[in-house]
Amino acid sequence: MSLIINNDDEDEFVEKQMLNQLSQENYSPVRLRSFINHYGTVRPRISTKNRLKNHFNKFYSTLNCLYIINLLFDRIPIIRCLKEYNLRKNLFADIMSGMTVAILHIPQGMAYGMLTTLPPIHGLYVSFFPVLLYMIFGTCPHLSIGTFAVISLMTAQAISGTPLQSFNIINNQSYVASNIYDEIIINEKVGIATTLAFLVGLIQLILSFLRLGFLTVYLTEPFISGFTTGVAIHVFSAQLPSIFGIKSPRGIQGAFKLPRFYFKLIGSIIQNINWISTVIALTSIIVLFTAKQLNDRYKSIIRIVIPSELILIIIGTLISHFTQIHNFHGVSVVGPIKQGLPSPTPPPLQQISYLIMPAATIAMVSLCISISMGKMFSGKHNYKVSSNQELLAYGISNVVSSFFQCYPSSGSLTRSIVQEGSGCKTQLVGGFSCIVLVIVIVALTPLFYSLPMGCLAAIVIVNMKGLLFQIKDFFFYYRISFLECVIDIGLYAGLCTSFLINTIRTQKPHFVVLGQINDTEIYKNVKLFPVAHQYDNIKILRFDESLYACNSPFFKRKFYELIGIQLRQEPLISYKKQNLNKIENIKYNYVILDCSPFNFIDTVGVKLLIEIYNDLKKRNIQLYLSECRYGVRRTLELMNFYEKTAPNIIYITTHYAVMSIRTESDNNLPKMTIATQI
């Protein structure tokens with residue numbers, strides 16, 4: 001039960017004293033227009049034509065040869081890095097960090113190259129060419145560009161979703177040797193992957209030129225977490241055939257692809273499991289997991305990260321070579337690897353229609369992952385990362401690399417953390433990493449012929465550990481990966497969900513009633529602050545969002561609901577005595593709308609305020625606004641808001657509005673009351 005308790009005599013005396021003091025002042029600064037005239041300035045209205053003219057005049061006034069040169073140099077950050085490079089302070093740290101990251105590039109490049117269904121050498125190409133280009137155009141020295149499991153799997157999905165034209169050529173031939181058949185298929189897959197990289201880079205360049213880096217904010221953290229977890233499940237599933245030494249099930253497409261894949265996989269494991277491959281893979285997983293745990297535990301003591309993956313590859317290759325397990329036990333190995341750097345070849349661009357949507361998806365996901373890591377490192381080490389410059393760097397890296405048999409590249413979290421922890425100082429760390437990689441590609445690739453596929457599968461699975469453990473956050477993103485079970489469908493559902501959630505949050509924000517805290521100028525939500533008191537004939541409201549077309553229907557309905565007016569349509573057959581459009585127990589003569597949360601207001605919002613003002617005026621209720629920002633006031637002026645309502649409708653603060661209403665009211669206002677619960 002609630003009771004109405006009157007204020008004591010002392011509060012009444014203070015209140016009357018405040019009102020008397022207020023009435024004695026001329027009160028010119030209370031209303032917003034008089035406040036601006038008294039203290040501020042009014043910006044003159046400039047037509048669009050003159051505004052564009054002033055902009056171009058300002059631009060051309062600073063345009064000269066040196067300005068253009070500096071502008072070009074700013075787009076090539078490596079020039080500033082070389083100019084300001086401190087040999088004594090940075091050189092040794094960059095060399096050691098570059099060599100450390102290169103050691104990680106070698107096994108991960110080969111493993112993730114196999115993940116795309118391409119030969120492992122293409123993973124090494126992606127570990128070299130994009131890294132070299134990002135060193136020139138990138139702005140984050142701690143970000144390691146190259147192969148990444150998520151992008152590699154998405155590339156594999158794009159390749160599998162593109163029909164191979166070579167099938168028609170082969171079917172028309174009476175006999176084709178097995179090795180020639182495989183070579184034709186691989187060459188076409190490489191062409192599809194390079195076309196995909198070209199399209200991804202082109203999209204990123206367009207986003208950079210249009211300065212649309214802000215679009216990544218719609219790929220929210222819960223969405224990225226859910227999507228990468230779903231991808232990690234697919235990555236893990238794709239490695240299981242190599243773990244058990246069997247061939248991967250083929251021809252599985254459409255909905256529920258993952259359950260059907262596991263159904264076929266289990267049957268194949270039962271019939272054709274290779275126990276030697278299984279033992280090699282499981283032993284590799286245990287060794288890698290233990291080594292990474294030791295690295296994490298003793299990283300403060302041991303400054304250099306133990307290259308467990310490279311050690312595993314070397315030991316696995318030596319054992320496989322000298323025991324000939326491929327010949328005697330049927331263990332799958334990497335096989336012959338192309339030696340040397342590829343000559344530049346343009347992407348074929350023949351099946352571009354099948355790759356536009358996968359390219360757009362990969363471009364946005366790689367952009368979001370890479371920029372989020374870049375911002376994380378920039379905040380930690382206090383330097384600036386430009387989203388649009390990063391877009392330019394990613395775009396150039398992918399477009400140019402597509403001419404050298406590379407599939408799309410992205411930033412890698414694991415390598416970036418190692419690059420940071422190993423003492424990286426500047427962008428030149430990528431150059432030192434490329435020196436090691438070019439030696440491997442040109443001279444050492446034949447040494448990996450006997451490397452068991454189970455070792456590469458183990459490297460991928462252990463590096464996916466962090467992403468797989470994100471499944472504990474299932475509540476946030478189960479619609480993205482669990483219900484869909486297909487990566488591309490899950491991604492589009494996640495994007496739509498992200499847009500839908502952001503729209504819903506702005507469509508139905510909080511709409512609250514405010515009350516005054518004691519005798520202060522502070523007004524708070526009466527539900528959260530029960531001591532806040534309201535005046536009998538004044539209703540103070542606050543809409544906690546900008547007012548625009550999408551939330552204007554909710555604003556109108558909730559506004560009238562809070563002041564006690566029902567706008568529901570009368571039923572055709574009356575079943576109640578009262579009229580639903582009549583005011584029910586309305587005792588307010590004034591309504592104040594606190595506009596402080598308004599970042600902007602559109603034309604629909606302005607028209608709605610005019611409509612509400614005129615409707616309330618017919619009901620003998622006066623509407624006032626308070627605390628409107630400049631952008632909001634400018635829109636009101638352009639929409640002739642004051643001519644259609646009243647010239648002095650806006651107050652500088654909510655408290656000024658309340659005190660002015662109480663002073664200028666012709667009626668005797670009731671005493672202040674406090675609503676308390678007992």
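Computed from a prediction, not measured in an experiment: that's the story for all the values here. (Residues numbered from 1 in each chain as written. Predicted model: local features only at pLDDT ≥ 70, side-chain atom pairs only at ≥ 80, totals over all residues. Heavy atoms only, no water.)

Asks: Explanation requested: the overall build of the protein chain in the structure shown.
Replies: Scanning the protein chain from N- to C-terminus turns up 29 helices and 10 strands. Buried positions account for 47% of the 678 residues belonging to the protein chain. (Helix = DSSP H or I, 4+ residues; strand = E, 2+ residues; numbered from the N terminus. Buried < 20%, exposed > 50% of the residue type's maximum accessible area, 1.4 Å probe, protein only.)

Asks: Where do I start with the packing of helix 6 (residues 87–115) against helix 20 (residues 429–444) in this structure?
Replies: Two quantities define a packed helix pair, namely the angle between the axes and the distance from one axis to the other. Interaxial distance between helix 6 and helix 20 falls to 7 Å at its minimum, and their mutual angle equals 45°. For the element pair helix 6 / helix 20, the angle class is oblique. Remark: the crossing between helix 6 and helix 20 carries right-handed chirality. Residues Leu91, Asp94, Ile95, Ser97, Gly98, Met99, Val101, Ala102, His105 and Ile106 of helix 6 pack against Val429, Phe432, Ser433, Val436, Leu437 and Val440 of helix 20. (Axes fitted to C-alpha atoms, helices over the stretch in contact; angles between N-to-C directions. Parallel < 35°, antiparallel > 145°, perpendicular 65-115°, else oblique. Left-handed = near helix turned anticlockwise from the far one by under 90°. Contact = heavy atoms within 4.5 Å.)

Asks: Would you take a moment to explain the UniProt feature "transmembrane region" (unreviewed entry) in the protein chain for this structure?
Replies: The residues that UniProt annotates with the feature "transmembrane region" (unreviewed entry) are residues 91–111, 131–156, 196–219, 269–289, 301–322, 352–371, 430–462 and 474–495. Helix makes up 100% of residues 91–111 and strand 0%, whereas the separation of the span's terminal C-alpha atoms amounts to 30 Å. The annotated region residues 430–462 carries 76% helix and 0% strand content, and the separation between its end C-alpha atoms amounts to 25 Å. (UniProt positions renumbered as here; feature names shortened; annotations may be inferred.)

Asks: Can you help me understand helix 15 (residues 308–323) in this one?
Replies: An α-helix turns once per 3.6 residues; consequently, residues spaced three or four apart project the same way. The terminal C-alpha atoms of helix 15, which comprises 16 residues, lie 22 Å apart, in line with the 22 Å expected from a rise of 1.5 Å per residue. When we look at burial in helix 15, the residues that qualify are Ser308, Glu309, Leu310, Leu312, Ile313, Gly316, Thr317 and Ser320. On the buried face of helix 15, the contacting elements are helix 6, helix 14 (275–297), helix 16 (325–329) and helix 21 (453–463). Phi turns positive, to about 55°, at glutamine 324, one or two residues after helix 15. (Expected span 1.5 Å × (residues − 1).)

Asks: Would you mind going over the nonpolar core with me for this structure?
Replies: The tendency in soluble globular proteins is for nonpolar side chains to be buried side by side. Grouped together as the largest cluster of nonpolar side chains are 78 residues, with contacts concentrated most on Met110, Tyr134, Leu143, Tyr394, Phe448, Leu451 and Leu456. The dominant element in this core, judged by the number of residues it contributes, is helix 11 (residues 178–209), at 10 residues. Ignoring any residue separated from it by four or fewer positions in sequence, one finds leucine 456 in contact with Pro107, Met110, Ala111, Met114, Ile313, Val334 and Leu451. Counting 36 residues, the second-largest nonpolar core is a separate cluster that includes Ile601, Leu609, Leu625 and Cys628. (Core = buried A, V, L, I, M, F, W, Y, C linked by side-chain atoms within 4.5 Å.)

Asks: Which parts of the structure should I look at to understand the packing of aromatic side chains?
Replies: The geometry of two aromatic rings is summed up by the distance between their centres and the angle between their planes. The final tally for this structure, using the stated rule, is 18 aromatic pairs. Ring geometry for phenylalanine 261 against tyrosine 262: centres 5.7 Å apart, planes inclined by 85°, an arrangement best described as edge-to-face. According to the relative accessible area criterion, phenylalanine 261 is buried, its value standing at 11%. Judged by its relative accessible area of 25%, tyrosine 262 falls in the partly exposed class. Look at tyrosine 590 and tyrosine 624: their rings are 6.4 Å apart centre to centre, the planes differ by 20°, and that puts the pair in the stacked class. (Phe/Tyr/Trp six-rings, centres within 6.5 Å; stacked < 30°, edge-to-face > 60°.)

Asks: I would appreciate a short explanation of the environment of serine 320 in the present structure.
Replies: Take serine 320: it is sitting in helix 15. As a C-alpha pair, serine 320 and leucine 451 span 131 residues in sequence and 6.6 Å in three-dimensional space. Not counting residues up to four positions away in its chain, the partners in contact with serine 320 are Ile325, Val333, Ser450 and Pro452. A distance of 2.6 Å separates a polar side-chain atom of serine 320 from the backbone oxygen of serine 450. (Polar contact = N/O pair within 3.5 Å; in protein donor to acceptor, adjacent residues only side chain to side chain.)

Asks: Is there a simple way to think about the sheet that holds strand 9 (residues 650–651) in this case?
Replies: Adjacent strands of a sheet form backbone hydrogen bonds with each other and so pair up, either parallel or antiparallel. Reading across from one edge, 5-4-6-7-8-9 is the order of the six strands in this open sheet, with mixed pairing throughout. Strand pairing shows two members of the sheet lacking a second neighbour, strand 5 (523–525) and strand 9, which therefore form its edges. Looking at chain direction, strand 4 (residues 511–516) and strand 5 are connected through three bridges and run antiparallel. The partner of glycine 515 across the bridge, within strand 5, is lysine 524. Most of the contacts of helix 26 (residues 603–618) go to strand 8 (residues 622–626), to which it runs at about 145°, and overall it touches strand 7 (590–594) and strand 8. (Pairing = 2+ DSSP bridges.)

Asks: I would appreciate a short explanation of the confidence of the model for the protein chain in the present structure.
Replies: In regions of low pLDDT, the predicted coordinates are not meant to be interpreted in detail. Looking at the protein chain as a whole, the pLDDT averages 77, with 75% of positions reaching at least 70. For the protein chain, strand 10 (residues 673–677) is the element with the lowest average pLDDT, namely 33, and helix 8 (residues 129–137) is the one with the highest, namely 94. In the model, residues 479–489 has pLDDT below 50 throughout and makes 25 contacts with residues more than four positions away in sequence or in other chains. Per-residue pLDDT stays below 50 along residues 575–584; that stretch engages in 15 contacts with residues further than four places along the chain or on separate chains. (pLDDT = per-residue confidence, 0-100.)

Asks: When you look at the pattern of salt bridges in this model, what are you seeing that I'm missing?
Replies: Per the counting criterion, the structure on display carries seven salt bridges. For glutamate 84, the salt bridge goes to arginine 80, with nearest N and O atoms at 3.6 Å. Look at glutamate 84 and you get exposed, because its relative accessible area is 54%. When the shortest N-O distance is used, the salt bridge between arginine 542 and aspartate 544 registers 2.7 Å. Aspartate 544 gets classed as partly exposed once you look at its relative accessible area, which sits at 25%. Within this structure, Asp74, Arg80 and Glu84 form a network of salt bridges that share partners. (Salt bridge = Lys/Arg side-chain N within 4 Å of Asp/Glu carboxyl O.)

Asks: Looking at this model, I keep getting lost on the state of the cysteines. Mind explaining?
Replies: Covalent bonding between the sulfur atoms of two cysteines is what defines a disulfide. On inspection of all chains with the given rule, the structure shows zero disulfides. Free cysteine cysteine 595: the closest other cysteine sulfur is in cysteine 628, separated by 3.8 Å. (Disulfide = S-S within 2.5 Å.)

Asks: Please explain the environment of isoleucine 441 as it appears in this structure.
Replies: Structurally, isoleucine 441 is set in helix 20. Classification of isoleucine 441 by relative accessible area gives buried; the value is 0%. In this structure, the C-alpha to C-alpha distance between isoleucine 441 and leucine 341, residues 100 residues apart in sequence, is 6.7 Å. Other than its neighbours up to four places away in sequence, isoleucine 441 contacts Ile121, Leu124, Tyr125, Phe128, Gln339, Gly340 and Leu341.

Asks: I keep staring at the pairing of strand 8 and nothing clicks. Help me out?
Replies: Taken residue by residue, a regular strand's side chains alternate between the two faces of the sheet. For strand 8, a buried count of four out of five residues is recorded, marking the element as mostly surrounded by other parts of the structure. Relative to strand 8, strand 7 runs parallel, the two sharing five bridges. By the bridge assignment, leucine 593 is partnered in strand 8 with leucine 625. With two bridges connecting them, strand 8 and strand 9 associate as parallel partners. Bridge assignment links leucine 625 to a residue of strand 9, and that residue is isoleucine 650.

Asks: What's the story with unusual backbone geometry in this structure? I'm lost.
Replies: With glycine set apart, most residues show a phi of negative sign, and most peptide bonds adopt trans. The phi angle at asparagine 518 is positive, at roughly 50°, despite the residue not being glycine. The residue asparagine 518 is located in the loop between strand 4 and strand 5 in this model. The backbone of glutamate 627 sits at a positive phi, close to 60°, despite the residue not being glycine. Along the chain, glutamate 627 turns up in the loop between strand 8 and helix 27 (630–638).

Asks: Would you explain the pairing of strand 7 in this entry?
Replies: Strand 7 sits mainly inside the fold: five of its five residues count as buried. Bridge count for strand 6 (residues 538–543) against strand 7 is five bridges, and the pairing is parallel. Across the sheet, the residue bridging to arginine 542 is aspartate 594, located in strand 7.

Asks: I would appreciate a short explanation of a nonpolar patch on the surface in the present structure.
Replies: Where nonpolar side chains cluster on the molecular surface, the patch consists of Leu66, Tyr67, Ile68, Ile69, Leu71, Leu72, Phe73 and Ile79 and spans about 700 Å² of accessible area. The element that contributes the greatest number of residues to the nonpolar patch is helix 4 (residues 65–74), accounting for seven residues. Mapped onto the elements of the fold, isoleucine 68 is located in helix 4. With a relative accessible area of 42%, isoleucine 68 lands in the partly exposed category. (Patch = residues over 30% accessible without salt bridge, like charges linked within 9 Å, V, L, I, M, F, W, Y side chains within 5 Å. Areas by Shrake-Rupley, 256 points an atom, 1.4 Å probe, with all protein chains shown as cover.)

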